[in-house]
Amino acid sequence: QQQVKQSPQSLIVQKGGISIINCAYENTAFDYFPWYQQFPGKGPALLIAIRPDVSEKKEGRFTISFNKSAKQFSLHIMDSQPGDSATYFCAATSTGTASKLTFGTGTRLQVTL
Amino acid sequence: GAVVSQHPSRVICKSGTSVKIECRSLDFQATTMFWYRQFPKQSLMLMATSNEGSKATYEQGVEKDKFLINHASLTLSTLTVTSAHPEDSSFYICSARDQGHTEAFFGQGTRLTVV
């Protein structure tokens, strides 16, 4: 029930294209869904997050789409750039003082020229 | 965004020695801190959760006597790897969260190599 399944494991996108990473969860108590970007040798950085009361959230080139009934959410990176090449992790948690993040398995994105 | 500083970024230690990793929240009070371990090309594995002034809660399978966590103040948590062995070599990452907030912010990570 605590799993967050993430796909694909790796992704190659041409510069200017759209990168799409998908996640699915099982625990209906989850109510906060962040995405993290991690470069090699660095800690993850919060990219964008969504709560289930909205179906979409956009920040610059990054958009989260959320489907509560399907228990799925996805990250869209528009106009992908070589600098976006990194590993992306989706995560989920339930708000509360003891809440822990449950991470997806990660997606290695490579944006080619 | 909030800043979490982790130090050192890299450390090499001899087998059998102990090494301490510090995690500081620079511009907010970290009532809760989390320590993760990450193997190459894998996701983050939560090791323990600590609340300021309380004993850390360790995840199943994590040796609390080997990975000592101290969260003595609202801005500082430390992870001490005791009697380190080569299999403890890994990337250790902390994150911190303020009370009443859901967002957790991560440190830069520490690459530990035990030789």
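Here, every reference points to the structure presented above.
Below, the structure is looked at part by part. Note that this is a predicted model, so its numbers are computed, not measured.

1. Re the state of the cysteines
Residue and element names in this part refer to chain B.
Item 1. Taken as a whole, this structure holds two disulfides over all chains when the rule is applied.
Item 2. Across the disulfide, C23 is cross-linked to C94 (sulfur-sulfur distance 2.0 Å). One disulfide, between C23 and C94, carries an S-S torsion of 80° and so falls in the right-handed class. With C23 in strand 3 (residues 19–25) and C94 in strand 9 (residues 90–97), the pair connects residues that are 71 residues apart, well separated along the chain.
Item 3. C13 forms no disulfide, and the closest cysteine sulfur to it belongs to C94, at a distance of 18 Å.

2. Comments concerning the layout of surface pockets
Item 1. By volume, the largest pocket is sized at about 500 Å³.
Item 2. Taken together, 22 residues line the largest pocket, and the ones lying closest to its centre are A:T87, A:R108, B:P40, B:K41 and B:Q42.
Item 3. Ranked by the residues each element gives to the lining of the largest pocket, the list is headed by strand 9 (residues 86–92) of chain A, at three residues.
Item 4. By residue class, the composition of the lining of the largest pocket is seven nonpolar, 11 polar and four charged.
Item 5. Each pocket or cavity is described by its volume, and for the second largest pocket that value is around 340 Å³.
Item 6. Lining the second largest pocket are 16 residues, with A:L101, A:T102, A:F103, B:L46 and B:E59 positioned closest to its centre.
Item 7. Broken down by secondary-structure element, the contributors of at least two residues to the lining of the second largest pocket are strand 10 (102–103) of chain A together with strand 5 (44–51) of chain B.
Item 8. The dominant element in the lining of the second largest pocket, judged by the number of residues it contributes, is strand 5 of chain B, at three residues.
Item 9. When its residues are assigned to classes, the lining of the second largest pocket shows seven nonpolar, seven polar and two charged.

3. Points about a nonpolar patch on the surface
Item 1. There is a patch of nonpolar side chains on the surface, built from A:I18, A:I20 and A:M78 and spanning about 240 Å² of accessible area.
Item 2. As for its placement among the helices and strands, A:I18 is situated in the loop between strand 2 (10–14) and strand 3 (19–25).

4. Regarding the environment of B:V11
Residue and element names in this part refer to chain B.
Item 1. For V11, the location among the structural elements is in strand 2 (residues 10–13).
Item 2. Sequence spacing of V11 and S50 is 39 residues, and the spatial spacing of their C-alpha atoms is 23 Å.
Item 3. Those residues within four positions of V11 in sequence are excluded, and the remaining contacts are V19, T110, R111, L112 and T113.

5. Considerations on the pairing of strand 8 (residues 76–81) of chain B
All names here are of chain B.
Item 1. Burial analysis of strand 8 places six of its six residues in the buried class, the great majority of the element.
Item 2. Side chains of strand 8 alternate between two faces, with L76, T78 and T80 and S77, L79 and V81 buried alike.
Item 3. Summarising the sheet, strand 3 and strand 8 pair through six bridges and their orientation is antiparallel. Among the inter-strand pairings, K20 is bridged to a residue of strand 8, identified as T80.
Item 4. The sheet contact formed by strand 7 (residues 67–73) and strand 8 spans five bridges and is antiparallel. Each bridged residue has a counterpart across the sheet, and for I69 the counterpart in strand 8 is L79.
Item 5. Counting the residues in the hairpin turn of strand 7 and strand 8 gives two residues.

Conventions we followed
Residues numbered from 1 in each chain as written. Chains lettered and ligands numbered in written order. Predicted model: local features only at pLDDT ≥ 70, side-chain atom pairs only at ≥ 80, totals over all residues. Heavy atoms only, no water. Disulfide = S-S within 2.5 Å. Helix = DSSP H or I, 4+ residues; strand = E, 2+ residues; numbered from the N terminus. 1 Å grid on protein atoms, 1.4 Å probe; cavity = no way out; pocket = protein on both sides within 12 Å on 5 of 7 lines; lining within 4 Å. Points joined across faces, edges and corners; volume = space filled by probe spheres on them. Nonpolar A, V, L, I, M, F, W, Y, C, P; charged D, E, K, R; others polar. Patch = residues over 30% accessible without salt bridge, like charges linked within 9 Å, V, L, I, M, F, W, Y side chains within 5 Å. Areas by Shrake-Rupley, 256 points an atom, 1.4 Å probe, with all protein chains shown as cover. Salt bridge = Lys/Arg side-chain N within 4 Å of Asp/Glu carboxyl O. Contact = heavy atoms within 4.5 Å. Buried < 20%, exposed > 50% of the residue type's maximum accessible area, 1.4 Å probe, protein only. Pairing = 2+ DSSP bridges.

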